[in-house]
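An overview of the molecular structure
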Amino acid sequence: MTVRITLVHGDITEQHADAIVNAANSSLLGGGGVDGAIHRRGGPEILAECRKLRASYYGRGLGTGQAVATTAGRLNARWVIHTVGPVYQASGSDPSLLASCYRESLRVADELGARTVAFPAISTGVYRWPMDDAARIAVETVRATDTAVEEVRFVLFDERAYQVFAELIH
Ligand code: ADP
């Protein structure tokens, strides 16, 4: 079955979904943007699990393009899937690492049995990836990934990001 892609203009922390994807950083210990919002609204349980991950398998942090799940705390979801996007560099950035964030998050979602997954536009904030290019990579990767996830919902914080995604999926 092919995954259904939907779009929402809004705040990802207000979504109801099986899993909410966090645009995390490799420390897994919080940051700004989506990361800050998820920890603020989801409460301390999420950070507590992230610390446990750092104390065990992810002692050196989560690598760029990888994904790992924790509880969703008080969010309206069962899991948060943390993934680390690549920082955009004008001198050259690897789009396969951004694609990997979507692919790996969906792989983790499949392991968990999640059927609805909400994604932010990974790497397009502090990590500066141009929205047009990031959106194209996001949509193409999700479409090309073999997954049991039924709905991938892109949650876009601002109107322009929403428009960019809307042009790609309609
Ligand atoms: P990154 O470090 O991967 O660039 P950011 O969190 O800085 O991650 O930004 C990723 C995208 O998420 C940006 O387009 C930003 O505008 C958007 N964003 C920020 N806060 C939220 C939120 N609460 N819900 C959905 N999207 C958000």
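Just above sits the structure.
Residues numbered from 1 in each chain as written. Predicted model: local features only at pLDDT ≥ 70, side-chain atom pairs only at ≥ 80, totals over all residues. Heavy atoms only, no water.

What to know about the site of the ligand
This is how it is decided: The criterion for a residue being near a molecule or strand is simple. One of its heavy atoms has to lie within 4 Å of it. Identification of polar contacts relies on pairs of N or O atoms within 3.5 Å, with a donor-acceptor requirement for protein atoms, meaning one able to donate a hydrogen and the other able to accept it, and with residues adjacent in sequence counted only if both atoms are side-chain atoms. Each accessible area is a Shrake-Rupley result for a 1.4 Å probe, and residues are judged covered by the shown protein chains and nothing else. By the criteria applied, helices consist of DSSP H or I runs no shorter than four residues and strands consist of E runs no shorter than two, each listed in order from the N terminus. For this classification, Asp, Glu, Lys and Arg are treated as charged, while Ala, Val, Leu, Ile, Met, Phe, Trp, Tyr, Cys and Pro are nonpolar and the rest, including Gly, are polar.
Near the ligand lie 16 residues; those nearest to it are V34, S123, T124, G125 and V126. Between the ligand and V34 there is a distance of 2.8 Å, counted from an oxygen atom to a backbone nitrogen or oxygen. Y127 places a polar main-chain atom, nitrogen or oxygen, 3.0 Å from an oxygen atom of the ligand. Burial of the ligand by the protein amounts to 89% of the accessible area it has alone, namely 560 Å². With three residues, the single largest contributor to the shell around the ligand is helix α1 (residues 33-42). Broken down by class, the residue content of the shell around the ligand amounts to 10 nonpolar, five polar and one charged.

Quick word on the packing of aromatic side chains
The criterion, for reference: Within 6.5 Å between ring centres, the rings of Phe, Tyr and Trp (the latter by its six-membered ring) count as paired, and their orientation is classed by plane angle as stacked under 30 degrees, edge-to-face over 60, tilted in between. Partly exposed describes any residue whose relative accessible area lies between the buried limit of under 20% and the exposed limit of over 50%, with all areas from a 1.4 Å probe on protein chains only and scaled to the type maximum.
Enumeration according to the criterion identifies six aromatic pairs in this entry. Taking 5.2 Å as the distance between ring centres and 65 degrees as the angle between the ring planes, the aromatic pair formed by Y88 and W129 counts as edge-to-face. Remark: W129 occurs in the loop between β5 (116-119) and α4 (131-144) and Y88 occurs in the loop between β4 (79-84) and α3 (95-112); sequence separation between them is 41 residues. Judged by its relative accessible area of 26%, Y88 falls in the partly exposed class. Summarising the aromatic geometry, the rings of Y102 and F119 are spaced 5.0 Å apart at their centres and angled 40 degrees between planes, so their arrangement reads as tilted. Of this pair, Y102 sits in helix α3 while F119 sits in strand β5, and the two are 17 residues apart along the sequence. In textbook terms, an aromatic cluster arises when at least three aromatic residues are bridged by ring pairs, as seen for Y102, F119, F154 and F165.

Structural notes on the environment of L75
We count it as follows: In what follows, residue pairs with any heavy atoms lying within 4.5 Å of each other are defined as contacts.
Here L75 shows up in the loop between β3 (67-71) and β4. Sequence spacing of L75 and G43 is 32 residues, and the spatial spacing of their C-alpha atoms is 8.3 Å. Once residues lying within four places of it in the same chain are set aside, the contact partners of L75 are T13, I20, I38, R41, G42, I46 and V80.

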